[in-house]
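What the coordinates show
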Amino acid sequence: MTTRPYIVGNWKMHGTRAMLAEARAIDRAAERLLKVEVAIAPPFTLIHATRKEANLIGIGAQDVHAADGGAHTGDISAAMAKDAGAGFTIVGHSERRADHKETNALVKEKAEAAIAAGMNVIVCVGETEAERDSGKAEAVVANQLSGSLPEGEGVAEKITVAYEPVWAIGTGRTPTVDDIGTMHRHIREKLVATFGEEGEAIRILYGGSVKPDNAAELLAADEVGGALVGGASLTAESFLGIIIAAAAEDQDDKS
Ligand code: PEP
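Criteria and thresholds
- Residues numbered from 1 in each chain as written.
- Predicted model: local features only at pLDDT ≥ 70, side-chain atom pairs only at ≥ 80, totals over all residues.
- Heavy atoms only, no water.
- Helix = DSSP H or I, 4+ residues; strand = E, 2+ residues; numbered from the N terminus.
- Rg over C-alpha atoms; globule rule 2.2 N^0.38 Å.
- Buried < 20%, exposed > 50% of the residue type's maximum accessible area, 1.4 Å probe, protein only.
- Contact = heavy atoms within 4.5 Å.
- Areas by Shrake-Rupley, 256 points an atom, 1.4 Å probe, with all protein chains shown as cover.
- Core = buried A, V, L, I, M, F, W, Y, C linked by side-chain atoms within 4.5 Å.
- Near = heavy atom within 4 Å.
- Polar contact = N/O pair within 3.5 Å; in protein donor to acceptor, adjacent residues only side chain to side chain.
- Nonpolar A, V, L, I, M, F, W, Y, C, P; charged D, E, K, R; others polar.
- Pairing = 2+ DSSP bridges.
- Axes fitted to C-alpha atoms, helices over the stretch in contact; angles between N-to-C directions.
- Expected span 1.5 Å × (residues − 1).
- Arc of directions from axis to C-beta.

1. Quick word on the overall build of the protein chain
Helix and strand content of the protein chain: 10 helices and 8 strands. Taking 18 Å as the expected radius of gyration for a compact globule of 255 residues, we find that the protein chain reaches 17 Å, a close match to that expectation. Along the first, second and third principal axes, the C-alpha set of the protein chain runs to 45 × 45 × 35 Å. Across the 255 residues in the protein chain, those meeting the buried criterion constitute 50%. Sequence separation of at least 24 residues holds for 73% of the intrachain contacts in the protein chain that already meet a minimum separation of 6. With an accessible surface of roughly 11,600 Å², the protein chain has 50% of that area assigned to carbon and sulfur atoms.

2. Describing the nonpolar core
Residues Ile 7, Ile 159, Val 161, Ile 187 and Ile 243 are the most contacted members of the largest nonpolar core, which totals 67 residues. Contacts of Ile 243, omitting those with residues within four sequence positions, involve Ile 7, Ile 26, Leu 33, Val 36 and Val 38. One finds Ala 39, Ala 41, Leu 205 and Leu 228 within the second-largest nonpolar core, a separate group that totals 11 residues.

3. Focus: the site of the ligand
Near the ligand there are 15 residues, and of these Lys 12, His 93, Glu 164, Gly 170 and Ser 209 occur at the shortest range. Contact distances for the ligand include 2.8 Å between an oxygen atom and a side-chain N or O atom of His 93. At 2.8 Å from an oxygen atom of the ligand is found a main-chain nitrogen or oxygen belonging to Gly 230. Out of a free accessible area of 290 Å², the ligand has 97% covered by protein chains. Split by residue class, the shell around the ligand holds 4 nonpolar, 8 polar and 3 charged.

4. What about the sheet that holds strand β4 (residues 88-91)?
Here we have 8 strands rolled up into a closed barrel, ordered β1-β2-β3-β4-β5-β6-β7-β8, and parallel in their pairing. Between one strand and the next, the sheet's axes are offset by a mean angle of 25°, whatever the strand orientation. The pairing of strand β6 (residues 159-163) with strand β7 (residues 203-207) spans 4 bridges and is parallel. Residue pairing in the sheet places Thr 160 in a bridge with Arg 203 of β7. Against the sheet, helix α7 (residues 137-148) contacts β5 (120-125) and β6, and its axis sits at roughly 150° relative to β5. Its contacts with the sheet place helix α8 (residues 177-195) against β5, β6 and β7, and it is angled at close to 150° to β7.

5. So, α8
With 19 residues, α8 ought to run about 27 Å at 1.5 Å a step, and its terminal C-alpha atoms sit 26 Å apart, in line with that. All of the buried residues in α8 are Ile 180, Gly 181, Met 183, His 184, Ile 187, Arg 188, Leu 191 and Phe 195. The buried residues of α8 occupy an angular sector of 165° when the element is viewed end-on, so they sit on one face. Counted as exposed and oriented over 90 degrees from the buried face of α8: Asp 178, Glu 189 and Ala 193.

Below is the structure:
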């Protein structure tokens, strides 16, 4: 079964070396919060330095290219991100799907490339507001999972899924706990249909405006195994508020 709650900070396009102090503070505090698995995905430029500052927490990339290498100016391969110190990568974040027109097929290629390079992956899915309003949220997410999840021997144990409704990212709005639970149960069904028993153990994170003051409530939703956090991961103070809520939630022994 799933283990510790997994709290992942996505720093997006934020951070110069001045932010390494936040990573150091998060790492130091994580030492006292071992019930929670903590990670951050800084921009590529900070992966190496963050890895050196932070020994305990996971360090990941926010994206990788699907190819091993070659003429792709400005891109970074999975092997390069891993060499810099990333143990995992996010793929299919809605900002990449929107800004870079990433398709499900490309997200799947990226996930498979990252796993082949020895990394774990966080595969992001989530509906837009218009899709939710028209009753299509579950169908959209099911379709994203069908198209984006990597295939191959032993991949299930490398995967985390993040459900991030696009309309909740950076907006301060969140779905209800019931809506999160309903979607996460659908995702679980899909993972079990795809990977069999191994699909039961894949962690499903919720992402979208998770903050210290709503984390306990959101993390208590059915089938939520942690959170992918954007804005509130940018300072140690607010990120630690979420990690502490996750540690308390774990103590409450949600099964
Ligand atoms: C995200 O972009 O992954 C995210 C969840 O952002 P925020 O927490 O700022 O809504």
